[in-house]
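Results of the structural survey
Residue strings, one per chain:
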Amino acid sequence: MKTIGILGWMFLAVQPAIPQDFFSRAQKLLDVVRAEREISPYVIAAKIRTNNDRQTALILLDSLTRDRAIGGMFYCYSLIGAFLYTRDALPDSLHRKVRLAFRERTMYRGDTENHWVMYYTGLYLAAQTWPGEAREMWFNGKSSEENFREAEGWLNHWMHTTFTIGQGEFDSPTYITTFLTPMMVLHEFAADPVMKKKAQMMLDLLFADFAVEHLEGNYGGGHSRDYPEDIINPLGAPSTMWAWMYFGKPEFAQWEEARYRPRNRGGWETTFGALGSYRLPEIIRLIATDRTEAYAHTETKRVRNIIRFGAEKNPPSYKYSYVTQDYILGSLSGGILQPIQQHTWDVTFVSEKPNNSIFTLHPYYSGRELAMFFPEEIKFLADEVDRYHLVYTNPDKWNSSSPFERTFQYRNTLIVLYDIKKGEMQPHINGFFPKTLDERWVDCSGWIICRAGDVYVALYPLRPGAWIEEKVNWRWRSNALKNGVIVEVGSKREDGSFAGFRKSLGKTLIDTSAFDSHVSVRFRNRHGIEMKYIFDGVRLLNGKEIQLSDYGFFDGPFIQSETGSGRVTLRHKTRTRVLDFNKAEIIESK
Amino acid sequence: MMKRHGILLLLMLGFSLTAPAQVSEPTVYASVFSTKLFVVGAANPQTGMFYHRPSEDTVWRHTGAKNIRANALAVFPGSDGRIRYTASGNGLHKTTDGGNNWKITTGWRITEIWAVSLDPVDPSAVYIGTAYGIYKSTDQGDTWKQVFTGFVSCIIVDRTNPSVLYAATELGVYKSTDRGETWQRTGLSIDRTRTVTQHPKDPQTLLVGTEKHGIYATSNGGRTWTKREAGIDHETFYTIAFDPSDPSIVYAGGYATGVYRSKDGGYSWRRTCVGFAVEHIHSIAVDPTDTRRVYAGTMGAGMYRSEDRGENWRFIGLPGAQVGRIVIEP
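Residues numbered from 1 in each chain as written. Chains lettered and ligands numbered in written order. Predicted model: local features only at pLDDT ≥ 70, side-chain atom pairs only at ≥ 80, totals over all residues.

Brief notes about the overall build of chain B
Helix and strand counts for chain B come out as one helix and 28 strands. Computed over the C-alpha atoms, the radius of gyration of chain B is 18 Å, within 12% of the 20 Å expected from 2.2 N^0.38 for a compact globule of 330 residues. Residues classed as buried in chain B amount to 52% of the 330 residues present. In chain B, the proportion of contacts linking residues at least 24 apart, taken out of those at least 6 apart, comes to 45%. (Helix = DSSP H or I, 4+ residues; strand = E, 2+ residues; numbered from the N terminus. Rg over C-alpha atoms; globule rule 2.2 N^0.38 Å. Buried ≥ 20, exposed ≤ 12 C-beta atoms within 10 Å, placed from the backbone. Contact = placed C-beta atoms within 7 Å.)

Here it is as structure tokens:
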């Protein structure tokens, strides 16, 4: 104990200073990245741009152009990005080798939204860099002009889609990197001022979309796609790196604390941000960090491209988040919006400890789900996906979309219903409760009551379950096919004492008389608000029907936009910033 | 033996043999969609178009773009392999000089191509089936027009009348009688069809493989259909091939099927699995120069060949490959 105390004191004594502004954080990042020896375009760019170990950087770049097995969307945009950031410092031989890579490598385009953003950004900048060259000079047999026009056409299409009906891979703590980084490069190097402006607007939009559901480095609420490791430990996601650099949150000395290290490759993609000229508008930083008033925020996104078993290619996807100074309770409306990696709901809370999240899910999988979105042979898809994502068919996985899950949220109250078809492969639901909670018990009223610091979470299971102890969490598993939970979240700031919060649960009313017949529940919450919901049916709030289609594209105190308008308004107190994509124009007032 | 060693030496030295040499043997082309090791965006074993000659045992050479997840291919008949197409997620790749130069003929509006078919007479007419529909080109892929909406797995052009086309789709089997301009559903009530094959001598006779519903046949150009189930214990069929010299012999393969063979034109079937490491068969082709020789492409175990009309099979290369389609050019 004494030893730990001394070590703790020593740690505090040697803890480095926390960088307080973007420039010092960017410098800190570059200091770390430039010391690496990984064959990475980000390491190469950091070394050369900071004039640190240039010789090694040139060797690394040479290696990057030699390995003919590499080729694809990640390589395409990051190679041209590293080249454009460093070209003046490169010898002619490396200019030729980088150029040759775009002739001899197959830059595979991929099959997802983020793949195409990376591929076409890379192709756009490469075609711009080497204009007027014949088709024989390019890996795809198209001339510079053909490649430029194609890339420009798709980038415009994607930006317009994102500004009008939203991203398919929206609000992803992992994949946000694969959108932000290409847009950083595009903004930095697009010669066309209109494309440059649009890239800036995309960066503003992506950051604002993150900011409004951001809390102390966490990307809260529902996510279209995320990896299980990041779902159960939100600050381990790549988005934390971007939050740290651009929002200044969480306030920690990055890289000295293993908890915050992103899962993949050290998260060096932010290097392109540190080297670039894009500066986050102050209004977005304020949106990301001002939590003086709790707020509800709704969004409309789109479902990923449906190619089978659906009448509509991109139906809307609805999202609700309630954001406070201490926690975010957020939810997607449910159903299959994205295959494989969907994260439908959680409460993410501010904590000094890892695994700061609680949620439930139905661990669904099927070839049919995958076939909705992937064109490969249905009978082989689940095995194929398991090879990449490792857990797709696992009954204990922590990410999943499910056709048998629906939600209804109002502020800090959430109803989650499950109506699992008989005969399904995974006939149960799971709940994640981290061991780092300060308190967790099942009250005799039936509520599972938890405390994490000053955040209070209560879940009322509509059917009984059992607890299973695992490494970092308790898994609550319930095997009833008709199932659900009611969630109430509070905090010391909102409710006073934990005892007071627990007592307030006694005021709630749970009516499950129609649950067996209709998977329906009526709930009156601690504040007297009545919510009634039938699985996949009508959502009633104090007797009035809530239409998800009434949700705006963005609707909350900080961001407003009508779906389809192409115009997004950011607000913070007296400041406004209007992103008018139709005119490729930003209007700012203070 | 010396020849084989020579080829292997060239391959080891990194030489790319892009164009098949003029020899008397047929050339076997295979589109490889994936291998067991493929991960999007990573350093991967090669996928794409490969070719091979019967005397080359297990040697296959790659041609064209690497790592493109090739779902299908087409070779213009009689072009000696000069005009070839590979269908992939990146688009439709084309060569007109035997593989020395390739071009992706499609742009961002066309993706996830699962079928490519050529007019046997007019090399300018190309049809592709994608996850989003059928596209037609009348200028060898320079421009495209969408002519059908829906998920398409297979397109064939009637070898006796290029105005007539058939497509196996998620919405059933469709037929066009105006060179793909318009499409009408045939009389088959089954959705989710995966492959359609035309009898080599009777153009009105077609066999269709389906997802979960077995094999169906028509003898009147798609007006009426009957299920062919004698001897069949499986449901999902990705490929059906007639023996071109004796159309009473037919082969079929699909999910966990091994190879089914019929000796009565597809009325009754017998299954063989002798020699296969896996029994998922995605493509079958009969060598027109020696119809005892039959090729089978598997899902995940590469290529197999039979020398005795499908009785026995042996592995002939492309380990781990998911073989989308096989085309044999005499």
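Description of the overall build of chain A
Along chain A, the regular secondary structure elements total 19 helices and 27 strands. In terms of overall dimensions, chain A is globule-like: its C-alpha atoms have a radius of gyration of 24 Å, near the 25 Å expected for 590 residues. Each principal axis of the C-alpha distribution contributes one length, and for chain A these read about 75 × 65 × 50 Å. Out of the 590 residues belonging to chain A, those deemed buried represent 54%.

Points about the interface of chain B and chain A
Taken together, the contact pairs 27 residues of chain B with 28 residues of chain A. A breakdown of the residues in the side of chain B that touches chain A according to their chemical character gives 14 nonpolar, eight polar and five charged. (Nonpolar A, V, L, I, M, F, W, Y, C, P; charged D, E, K, R; others polar.)

Comments concerning the sheet that holds strand E20 (residues 530–534) of chain A
Residue and element names in this part refer to chain A. Judged by pairing direction, the sheet is antiparallel, and its five strands sit side by side in the order E18-E19-E20-E21-E22 without closing on themselves. Strands at the two margins of the open sheet, each flanked by one partner only, are strand E18 (509–511) and strand E22 (544–546). Strand after strand, the sheet turns through a mean of 20 degrees between neighbouring axes, direction not considered. Relative to strand E19 (residues 520–524), E18 runs antiparallel, the two being bridged by three bridges. Its bridge partner being in E19, Asp-511 is matched across the sheet by Arg-522. (Pairing = 2+ DSSP bridges. Axes fitted to C-alpha atoms, helices over the stretch in contact; angles between N-to-C directions.)

Quick notes on the sheet that holds strand E1 (residues 27–34) of chain B
Residue and element names in this part refer to chain B. Taken together, four strands build an open sheet; the order of strands is E3-E2-E1-E28 and the sheet is antiparallel. Two strands close off the open sheet at either side, each with one partner strand: strand E3 (61–63) and strand E28 (322–329). Each neighbouring strand pair of the sheet contributes to a mean axis angle of 30 degrees, computed without reference to strand direction.

Observations concerning the packing of helix H7 (residues 113–129) of chain A against helix H9 (residues 176–189) of chain A
All names here are of chain A. Put simply, H7 and H9 touch, their axes get as near as 9 Å, and they point 20 degrees apart. Relative to H9, the element H7 lies roughly parallel. The element H7 and its partner H9 pack so that their crossing is left-handed. Between H7, through Asn-114, Val-117, Met-118, Thr-121, Tyr-124 and Leu-125, and H9, the contact on the second element is made entirely by Thr-178, Phe-179, Pro-182, Val-185, Leu-186 and Phe-189. Split by residue class, the contact of H7 with H9 holds nine nonpolar, three polar and no charged. (Parallel < 35°, antiparallel > 145°, perpendicular 65-115°, else oblique. Left-handed = near helix turned anticlockwise from the far one by under 90°.)

Describing the domain arrangement of chain A
All names here are of chain A. The domain architecture assigned to chain A consists of domain 1 (16–288) and domain 2 (294–556). Taking only C-alpha atoms into account, the centre of domain 1 sits 32 Å from that of domain 2. In this complex, domain 1 contributes 24 residues to the contact, which on the side of domain 2 involves 37 residues. Partitioning the side of domain 1 that touches domain 2 into residue classes produces nine nonpolar, ten polar and five charged. (Domains from an automatic or database assignment.)

Things to note about unusual backbone geometry
Cis peptide bonds are those with omega within 30 degrees of zero, and the linkage from A:Lys249 to A:Pro250 qualifies with -5 degrees. Following the sequence through the fold, A:Pro250 ends up in the loop between helix H12 (239–247) and helix H13 (270–275). With a phi angle near 50 degrees, B:Arg69 is a residue other than glycine that sits in the positive phi range. By the secondary structure assignment, B:Arg69 is in the loop between E3 and strand E4 (70–75). Among the residues examined, B:Arg69 registers 25 C-beta atoms within 10 Å and is labelled buried.

Some remarks on the environment of A:Val521
All names here are of chain A. Examined against the element boundaries, Val-521 turns out to sit in strand E19. Assessed through the 25 C-beta atoms surrounding it within 10 Å, Val-521 is described here as buried. The spacing of Val-521 and Asp-209 is 312 residues in sequence and 32 Å in space, taken between C-alpha atoms.

Here we look at the confidence of the model for chain A
Mean pLDDT for chain A: 92, with 94% of residues reaching 70 or above. Ignoring residues within four places in sequence, the model shows residues 1–15 of chain A, a span with pLDDT below 50, making one contact including any to other chains. (pLDDT = per-residue confidence, 0-100.)

A look at the nonpolar core
One finds A:Cys76, A:Leu206, B:Leu73, B:Ala87, B:Val116 and B:Ala167 to be the most contacted residues of the largest nonpolar core, which totals 182 residues. A:Val323, A:Met372, A:Phe404 and A:Ile486 belong to the second-largest nonpolar core, a separate cluster that totals 71 residues. (Core = buried A, V, L, I, M, F, W, Y, C linked by C-beta atoms within 7 Å.)

Details of the packing of helix H2 (residues 22–34) of chain A against H12(A)
Residue and element names in this part refer to chain A. Look at H2 against H12: their axes get within 8 Å of each other, and the N-to-C directions meet at 135 degrees. On the basis of their axis angle, the class for H2 and H12 is oblique. Where H2 abuts H12, its residues Phe-22, Arg-25, Ala-26 and Leu-29 lie against Trp-244, Met-245 and Tyr-246. A breakdown of the residues in the contact of H2 with H12 according to their chemical character gives six nonpolar, no polar and one charged.

Overview of the pairing of strand E8 (residues 357–361) of chain A
Residues and elements named next belong to chain A. Of all five residues making up E8, five are buried, and the element is well covered by its neighbours. Neither face of E8 is exposed, since Ser-357, Phe-359 and Leu-361 on one face and Ile-358 and Thr-360 on the opposite face are all buried. Alignment of strand E7 (residues 345–349) against E8, held across two bridges, turns out to be antiparallel. Each bridged residue has a counterpart across the sheet, and for Thr-348 the counterpart in E8 is Ser-357. Direction of pairing for E8 relative to strand E11 (residues 429–434): antiparallel, over a ladder of three bridges. Along E11, the bridge assignment pairs Thr-360 with Gly-431.

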